[in-house]
Amino acid sequence: MDNLLTMQRAQPAPPCTVVIFGASGDLAKRKLIPALYNLVACGQGMMPAKSAVLGFARREMSLDEFRKSAHDWTARFSRLKVDEGCWATFADGLDYLSGLDHPDGFTKLKVKLEAIEKARGLPPNRVYYLAIPPEAIGESVERLAQAGLISPPDAPNFSSVVVEKPIGHDLPSALEINRVLVKHLDESQIFRIDHYLGKETVQNLLVLRFSNNIFERLWGSRNVDHVQITVAEAEGVGNRAAFYDCAGALRDMVQNHILQTLSLLTMEAPVSLDATAITDAKLNVLRTLRPITPEHARATTVRARYGAGIDADGKPVAGYMDEPGVPDNSRAETFVALKTYIDNWRWSGVPFFIRTGKRMKRRASSIYVQFKDVPQILFNRDSAVPANALTIRIQPDEGFSFDVMTKRPGLDLVLQPVRMNLSYKTAFGDGASPDGYERLLLDVMDGDHTLFPSAQFVEKSWEFVQEILDSWSDGARVPMAEYPAGSWGPNEADELIGTAGRVWHEP
Ligand code: BG6
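Let me begin by describing the structure that accompanies this report. Only a predicted model underlies this, so the values are computations on that prediction, with no experimental measurement involved.

### Topic: helix α3 (residues 84-92)
Every α-helix winds through 3.6 residues per turn, so residues three or four apart in the chain are directed the same way. Buried within α3 we find Trp 87, Phe 90 and Ala 91. Along the axis of α3, the buried residues cluster in a sector spanning 95 degrees; they form a single face. The inward-facing, buried residues of α3 abut α1 (26-41), β2 (52-57), α2 (63-77) and β3 (94-98). For α3, the N-terminal capping position is held by Asp 83, with its side-chain oxygen 2.9 Å away from the main-chain nitrogen of Gly 85.

In structure tokens form, the structure reads like this:
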């Protein structure tokens with residue numbers, strides 16, 4: 001294709017060992033191992049073949065067992081089909097160590113790492129990926145430091161720590177985690193990961209906005225009527241009730257993925273494309289996000305959980321309270337909807353509607369930007385002409401569409417809305433988008449922080465979410481609503497947007 005502009009080319013990563021803490025957990029199975037395999041297998045040599053991956057967990061497991069289950073997970077969840085030749089190369093560097101919770105577990109980890117590096121001729125470049133619950137992060141970092149497993153930031157070899165979301169359970173615990181992290185690590189060694197920032201369509205928000213003159217000129221309260229962000233999942237809680245029930249949709253999705261997306265969508269142009277400039281621009285959005293206070297919580301938030309219903313494949317499914325592992329006294333919401341504003345010059349007065357939930361009608365995440373009506377003269381005088389809208393489809397069917405009015409060809413003057421559509425699949429081919437984790441793991445190995453939330457962003461987003469949690473805490477101010485599994489959410493969410501004179505756009 002002509003006119004390709006390569007701004008930054010992904011480089012093969014420096015050889016290293018990736019240690020996955022919590023290697024037998026859900027995240028490692030579904031995302032991390034398959035993503036690392038894809039980096040070896042994608043034929044671009046993004047991860048040098050001699051690099052190693054060490055699973056570190058509590059459970060006793062033989063290396064053969066670990067390799068076999070890693071193969072099964074990858075076969076099930078990988079973007080690329082498993083090629084047995086590539087798998088053999090990857091599996092050769094795959095190792096396992098139990099004893100994460102054992103008093104001398106970290107001493108053993110040190111011995112193991114040195115042995116791997118010696119055997120494979122690897123420099124002591126290490127990525128410690130903490131795929132563990134937030135309450136275990138502080139202790140693991142302390143123990144890494146005590147075991148002498150963190151090299152100084154200016155050492156020739158790197159030690160990087162990746163911290164998974166949620167960072168904390170609330171604002172005080174997030175502050176505490178950040179405090180422990182910076183006690184033992186330099187900011188340049190800390191990667192707070194949010195896999196939404198690795199998604200192609202989320203990265204494309206910057207390109208769409210700042211390399212196309214048309215959108216940026218329309219971006220703001222002069223032209224935009226309102227914005228909707230929907231992150232709908234078809235899956236229920238599955239086997240993650242132990243984690244999910246302590247979190248709920250607000251902590252699990254809004255505090256991180258959705259606020260990240262919102263800030264990229266609405267931030268001012270950063271002064272450059274470097275990590276600090278983008279981080280600052282995003283942080284400024286959160287600084288002006290209107291807090292949801294207890295007095296306004298009822299009118300601006302909805303929380304709900306799914307009841308029994310029919311899933312996206314037409315099968316009857318249980319309600320949240322009947323899912324395995326959900327306690328009878330559960331207070332977790334599986335759906336949340338919010339209305340908020342960004343009180344800055346650009347977005348003053350524009351409502352932002354956000355909703356996310358599990359067991360919704362189908363998996364669909366999108367951003368919908370509705371523009372203002374044309375003046376009520378000419379075509380809009382007697383009958384309303386639908387407004388222009390830009391829909392950015394984050395997943396699936398990545399791409400975007402723009403709704404415009406046109407004259408239908410013919411002798412009559414008939415106006416018809418048409419959708420101009422760009423589908424990534426059609427434009428760039430199937431399977432062109434790497435999984436978010438592939439991109440982000442590569443960035444960690446490269447030491448590139450551009451797509452990673454800063455400590456301030458995490459804290460600021462918790463401040464916003466904490467006020468909502470506090471408003472909900474008495475249980476009565478915003479009662480828990482219910483929606484049937486397989487729907488777009490509770491009636492209360494329709495009312496929330498309806499009282500503002502808008503309707504949800506089907507993503
Ligand atoms: C995770 C949440 O961060 O994101 C999960 O913990 C959720 O509950 C997942 O299912 C959604 O990610 P994706 O990439 O499937 O949209």
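### Focus: unusual backbone geometry
Residue Pro 166 is bonded to the preceding Lys 165 through a cis peptide linkage, with omega at -5 degrees. Along the polypeptide, Pro 166 turns up in the loop between β5 (159-163) and α6 (171-184). The omega torsion of the bond from Gln 395 to Pro 396 falls at -15 degrees, within 30 degrees of zero and hence cis. Turning to its location among the elements, Pro 396 is positioned in the loop between β14 (389-395) and β15 (399-407).

### What about the sheet that holds strand β13 (residues 364-371)?
Pairing in this open sheet of nine strands is mixed, and the strands run β16-β15-β14-β13-β7-β12-β11-β8-β17 from one edge to the other. Of all strands in the sheet, those bounded by a partner on one side alone are β16 (415-423) and β17 (481-484). Averaged over all neighbouring strand pairs, the angle between strand axes comes to 20 degrees, with direction disregarded. Bridge analysis of strand β8 (residues 301-307) against strand β11 (residues 335-341) gives four bridges, and the strand direction is antiparallel. Its bridge partner lying in β11, Ala 304 is registered against Phe 335. Contacting β13, β14 and β15, helix α7 (residues 200-210) runs over the sheet at an angle of about 145 degrees to β14.

### Examining the site of the ligand
Around the ligand, the neighbouring residues are Lys 165, His 195, Tyr 196, Lys 199, Glu 233, Arg 240, Asp 252, Met 253, His 257, Lys 358, Arg 363 and Gln 395. At 2.8 Å, a side-chain N or O of His 195 approaches an oxygen atom of the ligand. At a separation of 2.7 Å, an oxygen atom of the ligand approaches a polar side-chain atom of Gln 395. When the ligand is considered free in solution it has 400 Å² of accessible area, and contact with the protein chains removes 83% of it. Top contributing element to the shell around the ligand by residue count: helix α10 (residues 249-266), with three residues. Here the residues of the shell around the ligand are counted per class, giving two nonpolar, three polar and seven charged.

### Re the nonpolar core
If you look at the biggest cluster of nonpolar residues, it comprises 151 residues, and the most contacted ones within it are Phe 21, Leu 109 and Met 445. Beyond its immediate chain neighbours, meaning those up to four positions away, Phe 21 contacts Phe 56, Leu 100, Phe 106, Leu 109, Tyr 128, Tyr 129, Leu 130, Ala 131, Ile 132, Ser 140 and Leu 144.

### Some remarks on the sheet that holds strand β1 (residues 17-21)
Read across the open sheet, the six strands follow the order β3-β2-β1-β4-β5-β6; overall the sheet is parallel. In this open sheet, the two edge strands, each paired with only one partner strand, are β3 and β6 (190-192). On average, adjacent strands in this sheet sit at an angle of 20 degrees to one another, irrespective of strand direction. In terms of strand pairing, β5 meets β6 through three bridges, oriented parallel. Residue pairing in the sheet places Val 162 in a bridge with Phe 191 of β6. Running over the sheet, helix α5 (residues 134-146) touches β1, β4 (126-130) and β5 and is turned about 155 degrees from β4.

### Quick look at the pairing of β11
Residues in a regular strand point their side chains to alternate faces of the sheet. Of all seven residues making up β11, seven are buried, and the element is well covered by its neighbours. Of the strand pairs in this sheet, β11 and strand β12 (residues 351-357) are connected by seven bridges, and their pairing is antiparallel. By the bridge assignment for β12, Val 336 is matched with Thr 356.

### Quick notes on the packing of aromatic side chains
The full count for this structure, using the stated rule, is 21 aromatic pairs. Geometrically, the ring pair formed by Phe 21 and Tyr 128 is edge-to-face, given 6.3 Å between the ring centres and 90 degrees between the ring planes. Here the residue Phe 21 occupies a position in strand β1, and Tyr 128 occupies one in strand β4, the gap between them amounting to 107 residues. Its relative accessible area of 0% is what places Tyr 128 among the buried residues. Aromatic side chains Phe 215 and Phe 400 sit 6.4 Å apart centroid to centroid with 90 degrees between the ring planes, which places their arrangement in the edge-to-face category. Placement of the pair is Phe 215 in helix α8 (residues 213-218) and Phe 400 in strand β15, with a sequence separation of 185 residues. Exposure class is identical for Phe 215 and Phe 400. Each is buried.

### Quick notes on the pairing of β15
Sheet topology places β14 next to β15; five bridges connect them, and they run antiparallel. Within β15, the position partnered with Arg 393 by the bridge is Gly 399. Sheet analysis places β15 next to β16, joined by nine bridges and oriented antiparallel. The residue of β16 that forms the bridge with Phe 402 is Met 420.

### Overview of a nonpolar patch on the surface
Residues Ile 377, Leu 378, Phe 379, Leu 413 and Leu 415 make up a contiguous nonpolar surface patch of about 530 Å² in total accessible area. Relative to the helices and strands, Phe 379 resides in the loop between β13 and β14.

### Some points on the packing of α1 against α3
In the contact formed by α1 and α3, the axes pass within 10 Å of each other and the chain directions differ by 115 degrees. Between α1 and α3, the angle is such that the two are roughly perpendicular. Note on packing geometry: the crossing formed by α1 with α3 is right-handed. On the side of α1, the interface is formed by Ile 33, Leu 36, Tyr 37, Val 40 and Ala 41, while α3 contributes Cys 86, Trp 87 and Phe 90. Of the residues that constitute the contact of α1 with α3, the class distribution is eight nonpolar, no polar and no charged.

### With respect to the packing of α2 against α3
Between α2 and α3, the least distance of the axes is 11 Å, while the angle of their chain directions is 135 degrees. When the axis of α2 is compared with that of α3, the two are oblique. Of the two possible hands of crossing, α2 and α3 adopt the one that is right-handed. Where α2 approaches α3, its residues Arg 67, Ala 70, His 71 and Thr 74 are matched on the opposing element by Glu 84, Trp 87, Ala 91 and Asp 92. Considered class by class, the residues forming the contact of α2 with α3 number three nonpolar, two polar and three charged.

Conventions we followed
- Residues numbered from 1 in each chain as written.
- Predicted model: local features only at pLDDT ≥ 70, side-chain atom pairs only at ≥ 80, totals over all residues.
- Heavy atoms only, no water.
- Buried < 20%, exposed > 50% of the residue type's maximum accessible area, 1.4 Å probe, protein only.
- Helix = DSSP H or I, 4+ residues; strand = E, 2+ residues; numbered from the N terminus.
- Arc of directions from axis to C-beta.
- Contact = heavy atoms within 4.5 Å.
- Polar contact = N/O pair within 3.5 Å; in protein donor to acceptor, adjacent residues only side chain to side chain.
- Pairing = 2+ DSSP bridges.
- Axes fitted to C-alpha atoms, helices over the stretch in contact; angles between N-to-C directions.
- Near = heavy atom within 4 Å.
- Areas by Shrake-Rupley, 256 points an atom, 1.4 Å probe, with all protein chains shown as cover.
- Nonpolar A, V, L, I, M, F, W, Y, C, P; charged D, E, K, R; others polar.
- Core = buried A, V, L, I, M, F, W, Y, C linked by side-chain atoms within 4.5 Å.
- Phe/Tyr/Trp six-rings, centres within 6.5 Å; stacked < 30°, edge-to-face > 60°.
- Patch = residues over 30% accessible without salt bridge, like charges linked within 9 Å, V, L, I, M, F, W, Y side chains within 5 Å.
- Salt bridge = Lys/Arg side-chain N within 4 Å of Asp/Glu carboxyl O.
- Parallel < 35°, antiparallel > 145°, perpendicular 65-115°, else oblique.
- Left-handed = near helix turned anticlockwise from the far one by under 90°.

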